[in-house]
Amino acid sequence: MTIPNNSSAKRITVQIPTASGDAIEAWVYLPEGNGPHPAVVMAHGIGGIKAGGLAPFAERFRAEGFIAIAFDYRNFGGSGGQPREALSVPRQREDYITVIGWAVEQPYVDRRQIIAWGTSFAGMHIVELAVADTRLVAAVAQAPLTDGLAAAMMSTPRNGIRLFGRALLDHLGSLFGRPPIYIPGHGRPGDLSIGATPDGPFGEKLMTPKDGTPWHDRVAARSLLSFSWRRPVRRAGSVRIPLLLVVPEADSIAPVPAALEVASKAPGAELFRSTGGHYDVYEGGAGFADVLRTEVDFLHRHAKTAA
């Protein structure tokens, strides 16, 4: 694929093949010029899709001379895969690896300057990629979940038991080919949802696609069994590339102590404490402007754009 000569084509949609046969849908934001350009590979948090909240970051990165590649994980958004909204940590990480592999094959991408970017739940993947993927020059994790066990313990005991019960029931059903039991992605304290927090409705509002793209804001309950025991924080000392961690001052979704531990143990890590809570890193949130400025500065310091 080559960059269209039409300067108005600032974003194109591509279908990236996978070993499973289910294509990954990605939006590729194209800067001015023929390149090659450094590229930022971007994905969302739990239950989110690229149409909800990623565009303001991608558009700014594009304006700064970076190619931004925002994709939906398989089983979510515009990507293929069944059952819908069923999360698998290994599959999502494989999707990052697949998209990075696709990016380095494009003639307009500088394959020596690939940055992995992830928000919220994607922090689980960003830390692991920063350890293991030798194609990366840097990585960014904002409001990152870096310890599945610590995140599970943030839920009240009553809600934790209810969620675990639903997860087991859904898992057993999957063994017999039954459709998923879904859990809402956002809610208020006491609700049976992934983000049952005081700022849950605010997060749902910010994550709802502004372009009308359908979004179900849910995950299959069986998904909870995929990550509660995963703890990327324990590999922080093995991070081998510059890593920016944007950690909110007050995060009710992703455990702050675990993110701070990654920042303190990862060699060369940079820490930025953003204003507000988990969702304030997004456009419409109190910390968005400072978060975006910090990320752009980090990208420019670790990747060189075309003159």
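Refer to the structure above for everything that follows.
Everything numeric in this text was worked out from a predicted model, so none of it was measured.

Topic: the overall build of the protein chain
Reasoning step 1: Each helix and strand in the protein chain was counted, giving 8 helices and 12 strands.
Reasoning step 2: A globule of 307 residues ought to have a C-alpha radius of gyration of about 19 Å, and the protein chain, at 18 Å, matches this closely.
Reasoning step 3: Expressed along its principal axes, the backbone C-alpha trace of the protein chain runs to roughly 55 × 40 × 35 Å.
Reasoning step 4: Taken over 307 residues, the protein chain has a buried fraction of 57%.
Reasoning step 5: Excluding contacts between residues fewer than 6 apart, the proportion of contacts in the protein chain whose partners are at least 24 apart in sequence is 72%.
Reasoning step 6: Here the protein chain has roughly 12700 Å² of accessible surface; of this, 55% comes from carbon and sulfur atoms.
Reasoning step 7: Once the 31 positive and 29 negative side-chain charges of the protein chain are each reduced to a mean point, those two points are 4 Å apart.

Examining the packing of helix H1 (residues 55–63) against helix H8 (residues 288–302)
Reasoning step 1: In the contact formed by H1 and H8, the axes pass within 11 Å of each other and the chain directions differ by 40 degrees. When the interaxial angle is binned, H1 and H8 end up oblique. In terms of crossing hand, the pair formed by H1 and H8 is right-handed. Mapping the contact onto sequence places Pro56, Phe57, Arg60 and Phe61 in H1 and Phe288, Val291, Leu292, Glu295, Val296 and Leu299 in H8.
Reasoning step 2: A class-by-class count of the residues in the contact of H1 with H8 yields 8 nonpolar, no polar and 2 charged.

Overview of the sheet that holds strand E12 (residues 269–274)
Reasoning step 1: The 8 strands lie next to each other as E1-E2-E4-E3-E5-E6-E11-E12, forming an open sheet whose pairing is mixed. With partners counted over all chains shown, the strands left at the sheet margins are strand E1 (11–16) and E12, one partner each. Between one strand axis and the next, the sheet turns by 20 degrees as a mean value, whatever way the strands run.
Reasoning step 2: Sheet analysis places strand E2 (residues 24–29) next to strand E4 (residues 67–71), joined by 4 bridges and oriented antiparallel. Following the sheet pairing, Ala26 is matched in E4 by Phe71.
Reasoning step 3: Sheet contacts for helix H2 (residues 89–104): E1, E2, strand E3 (37–43), E4, strand E5 (109–119) and strand E6 (136–142); angle to E5, the most-contacted strand, approximately 155 degrees.

Some thoughts on the environment of Asp251
Reasoning step 1: Of note, Asp251 is situated in the loop between strand E11 (243–248) and helix H7 (256–265).
Reasoning step 2: Not counting chain neighbours up to four residues away, the residues in contact with Asp251 comprise Ala143, Met154, Val256 and His278.
Reasoning step 3: In this structure the side chain of Asp251 is engaged in a polar contact, spanning 2.8 Å, whose partner is the backbone nitrogen of Ile253.
Reasoning step 4: For Asp251, the side chain forms a polar contact with the side chain of His278, separated by 2.9 Å.

A look at the side chain of Asp170
Reasoning step 1: Of note, Asp170 is situated in helix H5 (residues 157–175).
Reasoning step 2: When near neighbours in sequence (up to four residues on either side) are disregarded, Asp170 contacts Pro179, Pro180, Ile181, Ala220, Ala221 and Arg222.

What to know about the nonpolar core
Reasoning step 1: In terms of nonpolar packing, the biggest core is built from 98 residues, with Phe61 and Ile69 touching the most fellow members.
Reasoning step 2: No other element matches the 7 residues that H2 contributes to this core.
Reasoning step 3: Those residues in contact with Phe61 that lie beyond four places of it in its chain are Val40, Met42, Phe66, Ala68, Trp117, Leu292, Glu295, Val296 and Leu299.

Focus on a nonpolar patch on the surface
Reasoning step 1: Taken together, Leu172, Leu175 and Phe176 make up a surface patch of nonpolar side chains, about 370 Å² in accessible area.
Reasoning step 2: Looking at the secondary structure, you find Phe176 in the loop between H5 and strand E7 (182–184).

Points about unusual backbone geometry
Reasoning step 1: With an omega of 10 degrees, the peptide bond running from Gly35 to Pro36 counts as cis.
Reasoning step 2: Position of Pro36 among the secondary structure elements: in the loop between E2 and E3.
Reasoning step 3: In this structure, the amide linkage connecting Gln82 to the following residue, Pro83, adopts the cis form with an omega of -5 degrees.
Reasoning step 4: Topologically, Pro83 is positioned in the loop between E4 and H2.
Reasoning step 5: Notably, Asn75 is not glycine yet its phi reads approximately 80 degrees, a positive angle.

So, the environment of Pro257
Reasoning step 1: Within the element layout of this structure, Pro257 appears in helix H7.
Reasoning step 2: Under the relative-accessibility criterion, Pro257 is labelled exposed at 64%.
Reasoning step 3: Sequence separation of Pro257 and Ala150 is 107 residues, and the distance between their C-alpha atoms is 9.1 Å.

Cut-offs and rules
- Residues numbered from 1 in each chain as written.
- Predicted model: local features only at pLDDT ≥ 70, side-chain atom pairs only at ≥ 80, totals over all residues.
- Heavy atoms only, no water.
- Helix = DSSP H or I, 4+ residues; strand = E, 2+ residues; numbered from the N terminus.
- Rg over C-alpha atoms; globule rule 2.2 N^0.38 Å.
- Buried < 20%, exposed > 50% of the residue type's maximum accessible area, 1.4 Å probe, protein only.
- Contact = heavy atoms within 4.5 Å.
- Areas by Shrake-Rupley, 256 points an atom, 1.4 Å probe, with all protein chains shown as cover.
- Lys, Arg positive; Asp, Glu negative; His and termini not counted.
- Charge placed at Lys NZ, Arg CZ, Asp CG, Glu CD.
- Axes fitted to C-alpha atoms, helices over the stretch in contact; angles between N-to-C directions.
- Parallel < 35°, antiparallel > 145°, perpendicular 65-115°, else oblique.
- Left-handed = near helix turned anticlockwise from the far one by under 90°.
- Nonpolar A, V, L, I, M, F, W, Y, C, P; charged D, E, K, R; others polar.
- Pairing = 2+ DSSP bridges.
- Polar contact = N/O pair within 3.5 Å; in protein donor to acceptor, adjacent residues only side chain to side chain.
- Core = buried A, V, L, I, M, F, W, Y, C linked by side-chain atoms within 4.5 Å.
- Patch = residues over 30% accessible without salt bridge, like charges linked within 9 Å, V, L, I, M, F, W, Y side chains within 5 Å.
- Salt bridge = Lys/Arg side-chain N within 4 Å of Asp/Glu carboxyl O.

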